[in-house]
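In case you want the letters, here they are:
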Amino acid sequence: MAHPPPSSTTVPSQAPVAVFDDSDPLRYYDTANPMGSVKVAGVGVTIKVVQSNSTGKMTVKVN
């Protein structure tokens, strides 16, 4: 079975999210895009970006 030729798609950027919160298992899941989204555990873990710089280095706080 042959693969189709490669193609590219431009996807617009979205605003950053400074806090990840998994308290809602479906918060990051999109039924219209199941292969590009995720269901999370829903146990209340939060990850917050405390500081970042122009080189991409980040300090995060995990609860």
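Note that this is a predicted model, so its numbers are computed, not measured.

What counts, and where the lines are drawn
Residues numbered from 1 in each chain as written. Predicted model: local features only at pLDDT ≥ 70, side-chain atom pairs only at ≥ 80, totals over all residues. Heavy atoms only, no water. Helix = DSSP H or I, 4+ residues; strand = E, 2+ residues; numbered from the N terminus. Polar contact = N/O pair within 3.5 Å; in protein donor to acceptor, adjacent residues only side chain to side chain. Contact = heavy atoms within 4.5 Å. Pairing = 2+ DSSP bridges. pLDDT = per-residue confidence, 0-100. Axes fitted to C-alpha atoms, helices over the stretch in contact; angles between N-to-C directions.

A. Structural context of the side chain of S37. In this structure, S37 sits in the loop between β1 (19-21) and β2 (46-52). A distance of 3.0 Å separates a polar atom in the side chain of S37 from the backbone nitrogen of D30. Reaching out from S37, the side chain makes a polar contact with the backbone oxygen of N33 at a distance of 2.8 Å. If near-sequence neighbours (up to four positions away) are discounted, S37 is found in contact with Y28, Y29 and D30.

B. Up close: the environment of Y28. For Y28, the location among the structural elements is in the loop between β1 and β2. Counting along the chain gives 31 residues from Y28 to T59, while the straight-line C-alpha distance between them is 22 Å. Other than its neighbours up to four places away in sequence, Y28 contacts V19, F20, D21, S37, V38 and V40. Polar side-chain contacts of Y28 include one of 3.0 Å to the backbone nitrogen of D21.

C. Expanded view of the pairing of strand β3 (residues 58-62). By the bridge criterion, five bridges tie β2 to β3 in an arrangement that is antiparallel. Note that in β3 the partner of K48 across the bridge is K61. Here β2 folds back onto β3 in antiparallel fashion, the turn holding five residues, of which G56 has a positive phi close to 95°.

D. The pairing of β2, seen in detail. The pairing of β1 with β2 spans three bridges and is antiparallel. Each residue of the ladder has a partner; that of D21, found in β2, is T46.

E. Spotlight on the confidence of the model for the chain. Mean pLDDT over the chain stands at 93; residues scoring 70 or higher make up 100%. Between the elements of the chain, mean pLDDT differs from a low of 94, seen in β2, to a high of 96, seen in β3.

F. Structural detail: the sheet that holds β1. Across the sheet, three strands lie side by side as β1-β2-β3; this open sheet has antiparallel pairing. Both outer strands of the open sheet, β1 and β3, are each paired with one neighbouring strand and no more. Between one strand axis and the next, the sheet turns by 20° as a mean value, whatever way the strands run.

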